[in-house]
Amino acid sequence: MPLIQETFVETDWEEPTQAREARDQRAAQLEAQGWLCQCSTLYRITDGRRVFFLEAREPEQIDVSDVRPRKKITPRQPRAAGEKRPRDFEVR
């Protein structure tokens, strides 16, 4: 299954919020194409600046040849008044 991972570092933009907005826009683009996106915020150890992380995966395709058809369930017929239910065992 294909995977896309992208990072958006605060120092790459003039305003720190632009990095998050760029990540969110990219996630919206990928989701419009059918990708499943997960966004998270990480922090760099050296200076504490945020790194906005995007991970996108294609949705899993279901192989319909592996899917068994459902059994058709037929409703029970109502019993007539006084009719006994058949038993699978003998009563002694």
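**Student:** So what's going on with the pairing of strand β2 (residues 36-43)? Which residues, and what values?
**Tutor:** Relative to strand β3 (residues 50-57), β2 runs antiparallel, the two being bridged by 8 bridges. Note on β3: the bridge partner recorded for Leu36 is Arg57. The antiparallel pairing of β2 with β3 creates a hairpin that spans 6 residues between the two strands, and Gly48 there sits at a positive phi of about 75 degrees.

**Student:** Summarise helix α1 (residues 16-32); cite the residues concerned and give the values.
**Tutor:** For α1, spanning 17 residues, the distance from its first C-alpha to its last is 25 Å, which sits close to the expected 24 Å at 1.5 Å a residue. By the burial criterion, the buried members of α1 are Ala19, Ala22, Arg23, Ala27 and Leu30. An end-on view of α1 places all buried positions within 135 degrees of arc, on one side of the element. In this structure, α1 carries Gln25 and Ala32 as exposed residues pointing more than 90 degrees from its buried face. The inward-facing, buried residues of α1 contact β1 (3-9), β2 and β3.

**Student:** Provide a residue-level description of the pattern of salt bridges, including the pertinent values.
**Tutor:** Pairing between side chains of opposite charge can happen when the charged atoms of each approach one another. Taken as a whole, this structure holds 6 salt bridges when the rule is applied. One salt bridge connects Arg49 with Asp47, and the closest N-O pair in it is separated by 3.8 Å. The exposure class assigned to Asp47 is partly exposed, which follows from its relative accessible area of 39%. One salt bridge in this structure joins Glu55 and Arg57, with 3.6 Å as the shortest N-O distance. Three or more residues are tied together by salt bridges with common partners; here these are Arg44, Asp47 and Arg49.

Parameters and conventions
Residues numbered from 1 in each chain as written. Predicted model: local features only at pLDDT ≥ 70, side-chain atom pairs only at ≥ 80, totals over all residues. Heavy atoms only, no water. Pairing = 2+ DSSP bridges. Helix = DSSP H or I, 4+ residues; strand = E, 2+ residues; numbered from the N terminus. Expected span 1.5 Å × (residues − 1). Buried < 20%, exposed > 50% of the residue type's maximum accessible area, 1.4 Å probe, protein only. Arc of directions from axis to C-beta. Contact = heavy atoms within 4.5 Å. Salt bridge = Lys/Arg side-chain N within 4 Å of Asp/Glu carboxyl O.

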